[in-house]
Amino acid sequence: MHVAFIGLGIMGSRMASNLLKNDVELSVYNRSPESVQALVSQGATGANSSTEAVADADVVITMLSSPKVVSQVMLENDGGLTAMKKDALWIDCSTVNPSFSVRAGQMADARGVRFMDAPVAGSKPQAEHAELVFFVGGEISDLSEVESLLQLMSKKVIHVGEVGKGASFKMLVNAMLAQSMILFSETLLLGEKMGLSQDFLLNTMPGLPVVAPFVQAKTDMIRSGNYEVQFPLELMHKDLHLAALTAYEHQQPLYLANLAKELYAHASQSGLGRADFAAIHQFLGEKK
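Note that the coordinates shown come from a computational prediction; the quantities given were computed from them, not determined experimentally.

## Side note on helix α8 (residues 165–193)
One turn of the α-helix equals 3.6 residues, which is why residues spaced by three or four share an orientation. In this model α8 runs 43 Å from its N-terminal to its C-terminal C-alpha over 29 residues, within 8% of the 42 Å that 1.5 Å per residue would give. In the stretch just after α8, Gly-195 is the one whose phi turns positive, near 100°.

Below is the structure:
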């Protein structure tokens with residue numbers, strides 16, 4: 001099986017590296033060439049365009065930052081989809097809105113290409129250690145064909161349903177993630193104002209059953225004020241924007257998620273966009 005991997009950012013570069021560690025025949029493409037060279041040194045074949053990367057691929061994996069970028073790289077007139085082999089399988093791991101995944105699937109089908117949306121839970125550490133969780137939307141027969149490939153990058157693969165349902169579930173996960181980080185940060189700041197030490201709060205609160213488990217991994221960032229990026233704050237804002245668009249499509253109010261979206265937007269505008277999304281704590285702490 002020849003695989004093409006397109007999108008070599010924080011997540012994609014590590015996912016592709018894990019495929020190479022398991023001797024997968026891999027072609028890679030990224031709009032910034034530095035990431036390509038790093039993987040070529042590990043055994044990948046570098047490509048100068050998405051069309052070149054996918055030309056001989058049985059499976060194409062994309063891990064891109066937004067629906068706009070997926071469209072530019074794969075769906076436009078000179079995009080990668082135009083060069084894919086008939087009956088090849090495109091697996092889009094990008095976090096996009098479900099209606100976009102459905103449209104991408106329809107465009108792939110029109111060209112005789114199979115499609116799955118397979119976004120992931122996890123950030124930089126999980127991508128590096130092959131501990132991601134895939135949320136797959138698509139035909140179960142297509143998943144069966146590539147499940148062993150996805151397992152090289154993950155600890156779990158969940159088939160959620162038809163095309164678009166993987167993206168749907170990922171949207172829910174990130175909406176909870178974003179709001180939980182704000183809730184913890186706001187509560188922590190109140191505790192400090194009431195005279196409780198930050199060390200006590202950070203040592204105690206994350207272990208309580210009312211606190212989301214992922215918060216434990218963010219406590220060192222809050223202690224040190226060093227928000228080295230694992231999941232960029234600006235992408236969390238993007239994901240909440242996509243959730244708001246999807247809620248509009250379904251006529252479902254999102255009161256708290258929309259408030260969270262505006263908080264992340266303001267934090268991004270204040271210069272924290274490329275920091276980890278846990279930097280929302282720093283932003284809230286500056287609002288006196």
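## Quick notes on the nonpolar core
One finds Phe-5, Met-15, Leu-19, Ile-61, Ile-91 and Phe-134 to be the most contacted residues of the largest nonpolar core, which totals 33 residues. Elements with a minimum of two residues in this core: β1 (2–6), α1 (12–21), β2 (25–29), α2 (33–40), β4 (59–62), β5 (89–92), β8 (132–137) and α7 (140–151). Aside from chain neighbours lying at most four places away, what touches Met-15 is Phe-5, Met-63, Cys-93, Ala-127, Leu-132, Phe-134 and Met-153. Counting 30 residues, the second largest nonpolar core, distinct from the first, contains Phe-214, Tyr-227, Ala-275 and Ile-280.

## Digging into the pattern of salt bridges
Pairing between side chains of opposite charge can happen when the charged atoms of each approach one another. Taken as a whole and assessed by the stated rule, the structure comprises 13 salt bridges. Here Lys-238 makes a salt bridge to Asp-239, at a shortest N to O gap of 2.7 Å. By relative accessible area, Asp-239 is classed as buried at 6%. Salt bridges sharing common partners tie together Asp-87, Arg-114, Asp-142 and Glu-145.

Thresholds, definitions, all that
Residues numbered from 1 in each chain as written. Predicted model: local features only at pLDDT ≥ 70, side-chain atom pairs only at ≥ 80, totals over all residues. Heavy atoms only, no water. Helix = DSSP H or I, 4+ residues; strand = E, 2+ residues; numbered from the N terminus. Expected span 1.5 Å × (residues − 1). Core = buried A, V, L, I, M, F, W, Y, C linked by side-chain atoms within 4.5 Å. Buried < 20%, exposed > 50% of the residue type's maximum accessible area, 1.4 Å probe, protein only. Contact = heavy atoms within 4.5 Å. Salt bridge = Lys/Arg side-chain N within 4 Å of Asp/Glu carboxyl O.

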